[in-house]
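Coordinate analysis (summary)
Now for the letters of each chain:
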Amino acid sequence: MSRHLAFLIMRSCLLIAITVYLAPAMKAQGGRGWEWQNPLPQGNSINCIRFAPDKVHGWAVGADGVILHTDDGGFSWDTQTVGKAVGLNSIYVFDRQRAFAVGARGVILSTHNGGERWIELKTPTKDHLYSITFAHDDSKHGWAVGTYGTVVTTSDGGVTWLAQKVGTHPHLFSVAFANKNVGLIAAERGILLRTNDGGRHWKEVVRLGSLAFTGVAFTSDKRAMAVGYGGRILLSDDAGLTWEPSDLLISEDLLSIYFLDEQHGWMTSASGSIFSTTNGGAIWLPVSVRTNPRLVTVYFADAETGWAAGSDGLVLRSDDSGLGWQRLTEGGRDDIADIFFVDDSRGWAVGARGKILATRNGGKAWYPQLSGVPQHLDAVTFVDEKNGWVVGDQGTILHTDNGGASWTKQEADTPQQLLGVHFMTAKLGWAVGARGHMLKTEDGGETWLLQPSKTKAWLEDVRFIDAKHGIIVGSGGTILRTEDGGDTWKDISANLNEWLHAVAFADTLRGYIVGEKGIILRTDDGGQTWKDQETNIKSNLFAVSVASRDEVLIAGDQGRVVATKDGGRTWDQQPSLTSSPLYAVAYRGGSAAWVAGRGGAILRRTEDLATVKISAPRLPSALRGAPKLKAQDTQLNFDDDIPRAVPPVRKPAKP
């Protein structure tokens with residue numbers, strides 16, 4: 001499976017879930033030896049956002065143990081840690097000091113000091129918990145629900161939790177209580193459950209088709225509403241005893257619902273829309289937020305002020321009842337397919353929708369460069385700080401001779417997707433791609449010539465160790481080698497079947513290949529023979545980068561980062577900050593290590609992976625000085641689908 005196909009599959013399988021200068025309040029969030037560089041403050045999915053009654057203190061929780069806290073209405077965020085990276089799905093906020101969060105493997109966390117310290121509570125389950133709530137009329141009573149019919153309850157304000165029997169085993173996605181006795185649960189397979197005795201007994205009141213109900217809310221003591229996939233909306237006027245469908249002609253998958261009072265409510269959808277009502281749900285007004293990431297949670301503190309959040313760390317704020325939305329987070333969210341650094345400071349990243357990002361300070365700030373094309377860009381390489389190439393879909397080849405200040409399209413006379421590119425000098429380079437396509441240039445790309453490959457495999461990556469000797473890897477375990485500058489190629493695949501994604505060489509002899517199902521290969525003879533590096537890694541590996549012949553960094557599916565300092569005799573997994581797939585890696589030794597992938601994720605290492613540092617590229621003296629960032633460069637906005645929120649300016653007090 002190609003990396004480009006992996007992008008599309010990961011987007012379709014996700015259930016729930018460009019820069020102006022970086023505002024000082026947008027702090028890069030770090031931990032486990034890594035820090036986020038894009039998006040900011042972090043890029044993992046946000047599953048729930050809630051605020052205290054004061055409308056300024058709030059939390060957002062999500063995948064990989066994310067807990068974000070704000071004390072200014074969301075205009076700035078800080079990370080709070082709990083000591084483990086378990087995914088968190090829901091949070092209930094009592095006030096600025098006290099909150100509860102639930103998540104995977106039965107985790108329930110509590111804080112009584114504004115999140116300065118989170119305590120893990122003992123629970124009677126290891127099933128995942130998706131939703132938590134407390135009774136409005138008695139805050140000592142609370143409930144959390146999750147997978148396989150799991151319901152746990154507390155009657156002492158969350159100090160102790162006990163299991164409740166539901167009598168059925170569907171996954172339970174949302175729970176709401178009108179008071180300490182009457183409650184509802186939304187579940188898979190079109191099921192709604194109801195209790196009238198605080199959860200001691202639950203009764204199935206709706207079973208409607210196969211589509212899940214994802215959210216349920218009481219709008220008053222008697223009126224309730226449930227939403228789900230396929231735009232399904234049900235209404236009840238007797239506290240959930242009976243239900244009627246609401247025919248509003250909504251076809252989008254609805255992911256959450258929140259009501260402030262009997263009249264004012266909001267829903268989010270998988271397509272990035274937010275629906276609002278001011279008449280109890282009789283009429284819903286859709287607002288397209290124009291975002292690809294799904295919005296999976298919404299909360300309003302009053303009829304005007306609300307927040308929504310979802311995939312790729314996106315957090316939004318509305319100050320007009322949900323009619324308009326602005327970003328509280330920074331950075332691009334388009335998938336990153338490749339990343340390349342010429343030294344510890346200057347780097348480029350490319351990906352979806354023709355995006356090219358650049359940095360001149362090691363990734364502390366990434367700013368967009370105008371590619372001039374809408375195609376997905378798959379690979380980037382530079383021979384020095386000025387001369388670089390990018391390749392992508394529909395035969396796209398771009399070239400810059402000024403560090404990316406401008407990019408020029410080069411004609412390749414091919415409609416095929418190009419997946420890999422490599423240049424030995426500013427003149428001599430190769431590009432490879434779909435259906436066995438190989439291209440070569442000897443004049444810096446002014447002309448590209450098609451080379452015979454004798455294969456129809458998807459060719460993912462290409463590396464030359466000198467002008468004559470090169471390696472190409474691709475689908476079906478394809479490994480091709482040339483000894484004559486690409487005029488002829490020999491298949492040396494050696495009975496491999498795995499899709500190979502990337503190849504890198506440390507010198508003329510030592511090289512590495514990574515691919516599907518955790519495969520890692522090493523050569524010590526310039527690619528003539530390859531030996532499998534035995535590991536227990538089973539997930540797909542998409543990218544490899546070498547800092548020296550023994551120091552290697554690999555990135556792959558589920559946020560996996562793997563490193564060796566001894567040439568592959570041993571491999572160590574490096575805990576990252578995300579479980580999203582990582583499609584790109586750049587490693588220059590020590591802490592000069594970056595990984596990038598889905599949702600625009602770019603992370604940099606904060607601790608040394610190894611002790612050896614490679615030298616910087618040999619550049620002409622005239623090219624060694626890094627150009628200063630011009631003021632107009634910082635004004636480009638690459639998060640162009642949603643405007644950025646700005647804190648309101650308080651008028652000075654009258655004298």
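All of these numbers come straight from a predicted model, not from anything done at the bench.

Considerations on the overall build of the protein
On a plain count of helices and strands, the protein comes out with one helix and 57 strands. Of the roughly 26400 Å² that the protein leaves accessible, carbon and sulfur atoms contribute 50%.

Observations regarding the nonpolar core
A general trend in soluble globular proteins is that nonpolar side chains are found buried together. With 27 residues, the main nonpolar core has Ile49, Trp77 and Trp325 as its most contacted residues. Where this core is concerned, the elements lending two or more residues are β3 (46-51), β27 (295-300), β28 (306-310) and β29 (315-318). Of the residues forming this core, the biggest block, four residues, is contributed by β27. With 18 residues, the next largest nonpolar core counts Ala547, Ala563, Tyr587 and Leu603 among its residues.

Brief notes about the confidence of the model for the protein
When pLDDT is averaged across the protein, the result is 89; 89% of the residues are at 70 or more. Here residues 4-26 scores under 50 on pLDDT; set against residues more than four positions off or in separate chains, the count is 82 contacts. Residue range residues 611-639 is modelled with pLDDT below 50. Its contacts to residues more than four positions away, or to other chains, number 67 contacts.

Re the pattern of salt bridges
Counting across every chain of the model gives 21 salt bridges. With a shortest N-O distance of 2.9 Å, arginine 317 and aspartate 319 are connected by a salt bridge. Residue class for aspartate 319 comes out partly exposed when judged on its relative accessible area of 43%. One salt bridge in this structure joins glutamate 330 and arginine 644, with 2.4 Å as the shortest N-O distance. Residue glutamate 330 is found in the loop between β30 (326-327) and β31 (336-341), and its partner arginine 644 is found in the segment after β57 (602-605); the two are separated by 314 residues along the sequence. According to the relative accessible area criterion, glutamate 330 is buried, its value standing at 3%. Taken together, the salt bridges that share partners define one network made up of Arg510, Arg522, Asp524 and Asp550.

Thoughts on the pairing of strand β7 (residues 88-93)
Along β7, six of the six residues are buried, which leaves the element largely enclosed by surrounding structure. Relative to strand β8 (residues 99-103), β7 runs antiparallel, the two sharing five bridges. Across the sheet, serine 90 pairs through a bridge with valine 102, a residue of β8. Following β7, the chain reverses through five residues before pairing antiparallel with β8.

A few points about the sheet that holds strand β42 (residues 449-451)
The sheet built from four strands is open, its strands ordered β39-β40-β41-β42 with antiparallel pairing. The sheet is open, and its two edges are formed by β39 (418-423) and β42, each paired on a single side. Looking at each pair of strands side by side, their axes are set apart by 25 degrees on average, direction ignored. As defined by bridge partners, strand β41 (residues 438-441) adjoins β42 across three bridges and the pair is classed as antiparallel. Directly across from lysine 440, in β42, lies its bridge partner leucine 449.

Considerations on the sheet that holds β28
Across a sheet, strands are paired by hydrogen bonds formed along the backbone, either parallel or antiparallel in direction. Strands sit in the order β27-β28-β29-β30 across an open sheet of four strands; the sheet is antiparallel. Two strands lie at the open edges of the sheet, namely β27 and β30, each paired on one side alone. Direction of pairing for β29 relative to β30: antiparallel, over a ladder of two bridges. Bridge pairing links arginine 317 to glutamine 326 in β30.

Side note on a nonpolar patch on the surface
Taken together, the side chains of Ile283, Leu285 and Leu323 define a hydrophobic patch exposed on the protein surface, amounting to about 300 Å² of accessible area. Relative to the assigned elements, leucine 285 resides in strand β26 (residues 285-288).

Side note on the environment of alanine 645
Relative to the helices and strands, alanine 645 resides in the segment after β57. Separated by 570 residues in the primary sequence, alanine 645 and phenylalanine 75 have C-alpha atoms spaced 7.5 Å apart. Those residues in contact with alanine 645 that lie beyond four places of it in its chain are Phe75, Gln326, Arg327 and Leu328.

Brief notes about the pairing of strand β19 (residues 213-218)
Of all six residues making up β19, six are buried, and the element is well covered by its neighbours. Here five bridges tie β19 to strand β20 (residues 224-228), and the two strands are oriented antiparallel to one another. From the neighbouring strand, valine 216 faces β20, where its bridge partner is alanine 226. In this antiparallel pair of consecutive strands, β19 and β20, the connection spans five residues.

Notes on unusual backbone geometry
Between asparagine 38 and proline 39 the backbone carries a cis peptide bond, its omega angle lying at -15 degrees. When you line up the elements, proline 39 lands in the loop between β2 (34-38) and β3. Cis geometry marks the peptide bond from leucine 40 to proline 41, where omega comes out at 10 degrees. Summarising the element assignment, proline 41 is placed in the loop between β2 and β3. If you check the backbone angles, arginine 353 has positive phi at about 55 degrees while not being a glycine. Structurally, arginine 353 can be placed in the loop between β32 (347-351) and β33 (356-359). Classification of arginine 353 by relative accessible area gives partly exposed; the value is 40%. A positive phi is found at aspartate 413, a non-glycine position, where the angle reads about 55 degrees. Relative to the assigned elements, aspartate 413 resides in the loop between β38 (408-410) and β39. For aspartate 413, a relative accessible area of 79% corresponds to the exposed category.

Observations regarding the side chain of aspartate 334
The topology assignment puts aspartate 334 in the loop between β30 and β31. Judged by relative accessible area, which is 10%, aspartate 334 ranks as buried. In this structure the side chain of aspartate 334 is engaged in a polar contact, spanning 3.3 Å, whose partner is the side chain of lysine 355.

A word on the environment of lysine 355
Its location among the elements puts lysine 355 in the loop between β32 and β33. Taking relative accessible area as the criterion, lysine 355 reaches 17% and is therefore assigned buried.

Quick word on the packing of aromatic side chains
Any two aromatic rings considered together are summarised by their centre-to-centre distance and by the angle between their planes. One pass over the full model with this rule turns up 28 aromatic pairs. With a centroid separation of 5.5 Å and 40 degrees between ring planes, the pair formed by tyrosine 130 and phenylalanine 173 is classed as tilted. Note that tyrosine 130 is positioned in strand β11 (residues 129-134) and phenylalanine 173 in strand β15 (residues 172-177), a separation of 43 residues in sequence. When the centroid spacing of 3.6 Å and the interplanar angle of 10 degrees are considered together, the rings of phenylalanine 341 and tryptophan 594 count as stacked. Highlighted residues: phenylalanine 341 in strand β31 and tryptophan 594 in strand β56 (residues 593-597), separated in sequence by 253 residues. Directly above the ring of phenylalanine 94 sits arginine 98, whose terminal nitrogen or CZ lies 3.9 Å from the centroid. The ring of phenylalanine 213 has arginine 232 sitting right over it, with the charged end atom 5.4 Å from the ring centre.

What counts, and where the lines are drawn
- Residues numbered from 1 in each chain as written.
- Predicted model: local features only at pLDDT ≥ 70, side-chain atom pairs only at ≥ 80, totals over all residues.
- Heavy atoms only, no water.
- Helix = DSSP H or I, 4+ residues; strand = E, 2+ residues; numbered from the N terminus.
- Areas by Shrake-Rupley, 256 points an atom, 1.4 Å probe, with all protein chains shown as cover.
- Core = buried A, V, L, I, M, F, W, Y, C linked by side-chain atoms within 4.5 Å.
- Buried < 20%, exposed > 50% of the residue type's maximum accessible area, 1.4 Å probe, protein only.
- pLDDT = per-residue confidence, 0-100.
- Contact = heavy atoms within 4.5 Å.
- Salt bridge = Lys/Arg side-chain N within 4 Å of Asp/Glu carboxyl O.
- Pairing = 2+ DSSP bridges.
- Axes fitted to C-alpha atoms, helices over the stretch in contact; angles between N-to-C directions.
- Patch = residues over 30% accessible without salt bridge, like charges linked within 9 Å, V, L, I, M, F, W, Y side chains within 5 Å.
- Polar contact = N/O pair within 3.5 Å; in protein donor to acceptor, adjacent residues only side chain to side chain.
- Phe/Tyr/Trp six-rings, centres within 6.5 Å; stacked < 30°, edge-to-face > 60°.
- Lys NZ or Arg CZ within 6 Å of the ring centre and 35° of its normal.

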